[in-house]
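Coordinate inspection notes
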Amino acid sequence: MPKQRRYRLIFTIFFNTAIFQGLVLGAIILKSPLFKSNANKYLAYAIFALSILIANLVFEIIDIYSSMPFLRFLDDVEWAFIFPVFIFMFVIHQVNHPIRNSKKIRWLYVPFLYSAFSNIFYDCDVVAHFFTIPVALKNFLETLGDFDFFIILLFMPFMAVYTFSFIKFSKDKQEKKWITFLWVLVYALMLSWITAILIGLFFHYDVSYVMRILALFATFLIHCTTYYGVFRYRLADNKEEIEELLYQEIPSENLVSVEEVILKKSNDAIALDLFTKENPYFKRLQELCEEQEIYRDSSLNREKVAEQLGISAGYVSQLVNAITEDNFANYINNYRVEAVKKMILDSDYENYSLLAMGLESGFTSKTTFHNAFKKSTGMTPNSFRNNNK
């Protein structure tokens, strides 16, 4: 077998593995109920876009376009425009930044839509022969296509800086470290790709093998990092508790409840009244609300909180009622009200409507928001804003 053909076969095998890995990982993230969130949804979309980019590279290596020209429709769309946008959407949803609800971020999709429309329209004539484009219009579309790469030269640095500016809003150090590392890998891949093309253009070098190697290694690294973050990071908060329970050799008949196991293992000094602010579960609930802002989830209920704490829903209610002398719903709504008050006092949110602030903080409707705000502060949201102008 000739040396060049052997290398081509090796690259094809590795790239096909990367594509398969990406499609499976993306499908698992999208379909598994364990990982359903808007952030993970965009991460899965980014993985799919990356898989399509690699698939186009494989099609070029094996020269499949000669026998299946319709695949040109897939190749001519500039997927490099949409990949960084999905990464950006993942970051802003992961850190729960309010901009994720802004309609202005839709403009980030414009370069991809422009590329998709112009190239698909052009291919309908040149590849599929569905119709004939006038010569003048065809020349114009070809000129537009030539600008794609130069738009990418501006778009990529902008997306890199813009995305990085939101990573700082992550409230968890481990999460921030993981997102930052993922960001570095993504833009190392994009920068390597752009640099290789520029070297090829200006110095007339054949950089195809360099591009393939860089894309291959960066792709596997991104997949591995994504796997670690989504599948392993999710368990980080519970890791110590899980290990404690796993390594305790307690007969099954003595397993009364998780809270009893941990309380027994705790210091005898913890034999204070279980329903005080020193209760380990109540302290953990406070951390979830204050640090992870779980109250922003409009579908949050006792069952979801109980699952995160490792106790029963009934115990959650009992805990909150005894310590705060209020019910669970009001306890969570008080955090939401405080979040709205902070937004009202923050000049960054002066263009937001009061209802938008309420929905952003986890309230499900205008009525619930107004009632909870008035109950907590003694005034309506509008009165509070007018008094603090």
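To be clear, the structure that these remarks concern was listed above.
Here's what I pulled together on the structure shown here. (Residues numbered from 1 in each chain as written. Predicted model: local features only at pLDDT ≥ 70, side-chain atom pairs only at ≥ 80, totals over all residues. Heavy atoms only, no water.)

Focus: the overall build of the protein
The helix and strand tally for the protein stands at 17 helices and zero strands. Buried positions account for 41% of the 389 residues belonging to the protein. Counting contacts in the protein only where the partners sit at least 6 residues apart, residues at least 24 apart contribute 67% of the total. Only carbon and sulfur atoms are counted for the fraction: they give 60% of the accessible area of the protein, which is about 22400 Å². (Helix = DSSP H or I, 4+ residues; strand = E, 2+ residues; numbered from the N terminus. Buried < 20%, exposed > 50% of the residue type's maximum accessible area, 1.4 Å probe, protein only. Contact = heavy atoms within 4.5 Å. Areas by Shrake-Rupley, 256 points an atom, 1.4 Å probe, with all protein chains shown as cover.)

Details of the side chain of Thr-163
Tracing the chain through its elements places Thr-163 in helix 6 (residues 135-167). In terms of polar contacts, Thr-163 uses its side chain to reach the backbone carbonyl oxygen of Met-159, at 2.7 Å. Ignoring anything within four residues of it in the chain, the contact list for Thr-163 reads Ile-87, Phe-88, Val-91, Trp-183 and Tyr-187. (Polar contact = N/O pair within 3.5 Å; in protein donor to acceptor, adjacent residues only side chain to side chain.)

Topic: unusual backbone geometry
You will see that Asn-96, though not glycine, has its phi angle at about 60 degrees, which is positive. Along the polypeptide, Asn-96 turns up in the loop between helix 4 (83-94) and helix 5 (110-126). A relative accessible area of 29% means that Asn-96 is categorised as partly exposed. The phi dihedral of Glu-325 falls on the positive side, at around 55 degrees, and the residue is not glycine. By relative accessible area, Glu-325 is classed as exposed at 74%.

Looking at the environment of Phe-73
Relative to the elements of secondary structure, Phe-73 occurs in helix 3 (residues 72-76). When the C-alpha positions of Phe-73 and Phe-121 are compared, they lie 9.4 Å apart, and in sequence the two are 48 residues distant.

Thoughts on the packing of aromatic side chains
Scanning the entire structure with this criterion turns up 24 aromatic pairs. The interplanar angle of 50 degrees and the centroid separation of 6.0 Å between the aromatic rings of Phe-282 and Tyr-331 together place this pair among those described as tilted. Here Phe-282, found in helix 11 (residues 280-290), pairs with Tyr-331, found in helix 14 (residues 328-345); they are 49 residues apart in sequence, far enough to count as distant. The class for Phe-282 is buried, based on a relative accessible area of 2%. Accessibility expressed as a relative area gives 8% for Tyr-331, which makes it buried. Through successive ring pairs, a cluster of aromatic residues spans Phe-88, Phe-158, Tyr-162, Phe-166 and Phe-169. Residue placement shows Arg-336 over the ring face of Phe-363; its charged tip is 6.0 Å from the ring centre. (Phe/Tyr/Trp six-rings, centres within 6.5 Å; stacked < 30°, edge-to-face > 60°. Lys NZ or Arg CZ within 6 Å of the ring centre and 35° of its normal.)

Things to note about the pattern of salt bridges
Counting across every chain of the model gives eight salt bridges. Bridged by salt links that share partners, the residues Arg-100, Glu-293, Arg-296 and Glu-360 form one connected network. (Salt bridge = Lys/Arg side-chain N within 4 Å of Asp/Glu carboxyl O.)

Side note on the packing of helix 4 against helix 7 (residues 173-203)
Their axes nearest at 12 Å, the elements helix 4 and helix 7 cross at an angle of 170 degrees. The orientation of helix 4 with respect to helix 7, classified from their angle, is roughly antiparallel. Counted together, Phe-83, Pro-84, Ile-87, Phe-90, Val-91 and Gln-94 of helix 4 and Glu-175, Trp-178, Ile-179, Leu-182, Val-186, Tyr-187 and Met-190 of helix 7 form the full contact between these two elements. Counted by class, the contact of helix 4 with helix 7 contains 11 nonpolar, one polar and one charged residues. (Axes fitted to C-alpha atoms, helices over the stretch in contact; angles between N-to-C directions. Parallel < 35°, antiparallel > 145°, perpendicular 65-115°, else oblique. Nonpolar A, V, L, I, M, F, W, Y, C, P; charged D, E, K, R; others polar.)

Things to note about a nonpolar patch on the surface
A grouping of Ile-199, Leu-201, Phe-202, Phe-203 and Tyr-205 is seen on the molecular surface, where their side chains present a nonpolar patch of about 580 Å² in accessible area. Along the chain, Ile-199 turns up in helix 7. We classify Ile-199 as partly exposed; its relative accessible area is 31%. (Patch = residues over 30% accessible without salt bridge, like charges linked within 9 Å, V, L, I, M, F, W, Y side chains within 5 Å.)

Let's talk about the packing of helix 11 against helix 12 (residues 302-309)
It is the contact of helix 11 with helix 12, at a shortest axis distance of 11 Å, that shows an interaxial angle of 110 degrees. Taken together, the axes of helix 11 and helix 12 lie roughly perpendicular to each other. You can see that helix 11 and helix 12 cross each other, and the crossing is right-handed. Within the contact between the two elements, helix 11 uses Tyr-281, Arg-284, Leu-285 and Leu-288 and helix 12 uses Val-305, Gln-308 and Leu-309. (Left-handed = near helix turned anticlockwise from the far one by under 90°.)

Section: the side chain of Ser-170
With respect to the helices and strands, Ser-170 occurs in the loop between helix 6 and helix 7. Excluding anything up to four places from it in sequence, Ser-170 contacts Val-95, Glu-175 and Lys-176.

A closer look at helix 7
Spacing of three or four residues puts side chains on the same side of an α-helix, whose turn is 3.6 residues. Given a rise of 1.5 Å per residue, 31 residues ought to cover 45 Å, and the 44 Å separating the end C-alpha atoms of helix 7 matches this to within 8%. At the exit of helix 7 stands His-204, carrying a positive phi of roughly 55 degrees. (Expected span 1.5 Å × (residues − 1).)

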